[in-house]
Amino acid sequence: MSFGEQFREVAELIALGLLSLSFLLTVYRFAVGPTLPDRVLALDLLVTVAIGYIAVIGIRTGFALYLDIAIALGLVGFLATVAFARFILSRGPRGEEAIEEEKQPEGESAR
């Protein structure tokens, strides 16, 4: 095994380790994230991390098919992010409370 192959093997393992760490931190942000936009950004980052995993696995195995899968996942992730952004715009970043406050007549408070 040459130095280049050893270096690539170590780089792949480091990349998988860092992607695993970012995956765990992103799942934590998704679970805790106080607002809906935080959760949507966490989902978008999860798609990005998944694309990174697919890229590293594609490099490790040598199959070019993984590139097509990563591109398709990127397109689906982009469309999901746009859909969630439109949902947040229609609902408000705080959720149902913002809609209820808008429906009440002026002079009355929600709580």
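Everything numeric here is computed off the predicted structure, so don't read it as measured data.

J.: Looking at this model, I keep getting lost on the packing of helix α2 (residues 36–61) against helix α3 (residues 65–91). Mind explaining?
T.: Geometry of a packed helix pair, given as the angle between the helix axes and the separation of the axes. Packing of α2 against α3 brings their axes to within 10 Å, and their N-to-C directions diverge by 180°. One way to sum up the angle between α2 and α3 is to call them roughly antiparallel. Contacts between α2 and α3 involve L36, P37, V40, L43, D44, V47, A50, I51, I54, I57, G58 and T61 from the first element and Y66, I69, A70, L73, G74, G77, T81, F84, F87, I88 and R91 from the second.

J.: Quick question: what am I supposed to make of the pattern of salt bridges here?
T.: If the charged atoms of two oppositely charged side chains come close together, the side chains can form a pair. On inspection of all chains with the given rule, the structure shows three salt bridges. For R8, the salt bridge goes to E12, with nearest N and O atoms at 3.2 Å. You can see R8 and its partner E12 sitting in helix α1 (residues 3–32), four residues apart, about one turn around the helix. Among the ionic pairs, R60 bridges to E12, the shortest N-O distance being 3.5 Å. Here the residue R60 occupies a position in helix α2, and E12 occupies one in helix α1, the gap between them amounting to 48 residues. Exposure remark for R60: the relative accessible area of 34% places this residue in the partly exposed category.

J.: How do you make sense of the environment of L45 when you look at a structure like this?
T.: Take L45: it is sitting in helix α2. Spatially, the C-alpha atoms of L45 and S22 are 9.0 Å apart, while their sequence positions differ by 23 residues.

J.: Explain α3 to me, please; I cannot follow it from the model alone.
T.: In an α-helix, one turn spans 3.6 residues; hence positions three or four apart end up facing the same way. The end-to-end C-alpha distance of α3, which contains 27 residues, comes to 39 Å, matching closely the 39 Å that a straight helix rising 1.5 Å per residue would cover. Where α3 is concerned, the buried positions are A70, G77 and I88. On its buried side, α3 packs onto α2. One or two positions beyond α3, positive phi appears at G92, with a value near 100°.

J.: In this structure, what is going on with α1? I would like to understand it.
T.: Compared with the 44 Å implied by 1.5 Å per residue over 30 residues, the 43 Å span of α1 between its first and last C-alpha is a close match. Turning to α1, its buried residues are E12, L16, L19 and T26. Those residues of α1 hidden inside the fold are in contact with α2.

J.: Is there a simple way to think about the packing of α1 against α2 in this case?
T.: Contact geometry of α1 with α2 gives a least axis separation of 9 Å together with a crossing angle of 165°. Here α1 is positioned roughly antiparallel relative to α2, judged by the angle of their axes. Note on packing geometry: the crossing formed by α1 with α2 is left-handed. Its residues placed into classes, the contact of α1 with α2 shows 17 nonpolar, four polar and seven charged.

The rules behind the values
Residues numbered from 1 in each chain as written. Predicted model: local features only at pLDDT ≥ 70, side-chain atom pairs only at ≥ 80, totals over all residues. Heavy atoms only, no water. Axes fitted to C-alpha atoms, helices over the stretch in contact; angles between N-to-C directions. Helix = DSSP H or I, 4+ residues; strand = E, 2+ residues; numbered from the N terminus. Parallel < 35°, antiparallel > 145°, perpendicular 65-115°, else oblique. Contact = heavy atoms within 4.5 Å. Salt bridge = Lys/Arg side-chain N within 4 Å of Asp/Glu carboxyl O. Buried < 20%, exposed > 50% of the residue type's maximum accessible area, 1.4 Å probe, protein only. Expected span 1.5 Å × (residues − 1). Left-handed = near helix turned anticlockwise from the far one by under 90°. Nonpolar A, V, L, I, M, F, W, Y, C, P; charged D, E, K, R; others polar.

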